[in-house]
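Below, each chain spelled out in residue letters.
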Amino acid sequence: MTVEAEQFRQDGHRIEMWSVGWMLLSLAMWAWFGYRFLLDEERGLFARAEDVRVLVGILALAVIPTIIAAATLVYARVLFRLGRRTGVDVG
């Protein structure tokens, strides 16, 4: 295995760990949104405008780490593939 391939592999593992962290943060944000949305007893058919704004804000905050987690996971997979391609000896 070449030095370049090993560097790609190490970078891929590091980025993959960041992706796991972003996923955990994303799950926590979605759980917070679900809790506020599903378990709010005072929310009726005509919810107060403040409650709706809070839910939209939480939803917006939950989407950001979800997108970052997906992007870092894709980037880690690209690094792993680059490492595999660079590490192959052609004879």
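Residues numbered from 1 in each chain as written. Predicted model: local features only at pLDDT ≥ 70, side-chain atom pairs only at ≥ 80, totals over all residues. Heavy atoms only, no water.

Let us look at the overall build of the chain. If you tally the helices and strands in the chain, you get two helices and zero strands. Buried positions account for 24% of the 91 residues belonging to the chain. Partitioning the contacts of the chain with sequence separation of at least 6, the portion at a separation of at least 24 is 84%. Split by element, the accessible area of the chain, about 6,900 Å² in all, is 69% carbon and sulfur. (Helix = DSSP H or I, 4+ residues; strand = E, 2+ residues; numbered from the N terminus. Buried < 20%, exposed > 50% of the residue type's maximum accessible area, 1.4 Å probe, protein only. Contact = heavy atoms within 4.5 Å. Areas by Shrake-Rupley, 256 points an atom, 1.4 Å probe, with all protein chains shown as cover.)

Following the criterion strictly, the structure yields three salt bridges and no others. A salt bridge links Glu6 to Arg9, with the shortest nitrogen-to-oxygen separation between them at 2.6 Å. A residue pair is termed a helical-turn pair when its members lie 3 or 4 positions apart in one helix, as Glu6 and Arg9 do in helix α1 (residues 3–38) at three residues. Where Arg77 meets Glu16, a salt bridge forms, and the shortest distance between an N and an O atom there is 3.0 Å. One end of the pair, Arg77, is in helix α2 (residues 49–87); the other, Glu16, is in helix α1, with 61 residues separating them in the sequence. Overall, Arg77 belongs to the partly exposed group, its relative accessible area being 42%. (Salt bridge = Lys/Arg side-chain N within 4 Å of Asp/Glu carboxyl O.)

By the element assignment, Leu82 lies in helix α2. In this structure the C-alpha to C-alpha distance between Leu82 and Glu4, which are 78 residues apart in sequence, comes to 9.3 Å.

Another aspect to go through is a nonpolar patch on the surface. A cluster of nonpolar residues, Trp32, Tyr35, Phe37, Leu38, Leu39, Leu61 and Ile64, forms a patch on the protein surface that exposes about 760 Å² of accessible area. For the nonpolar patch, the secondary-structure elements that each account for two or more residues are α1 and α2. A per-element tally of the nonpolar patch places α1 first, with four residues. In this fold, Ile64 is placed in helix α2. Given a relative accessible area of 48%, Ile64 falls into the partly exposed group. (Patch = residues over 30% accessible without salt bridge, like charges linked within 9 Å, V, L, I, M, F, W, Y side chains within 5 Å.)

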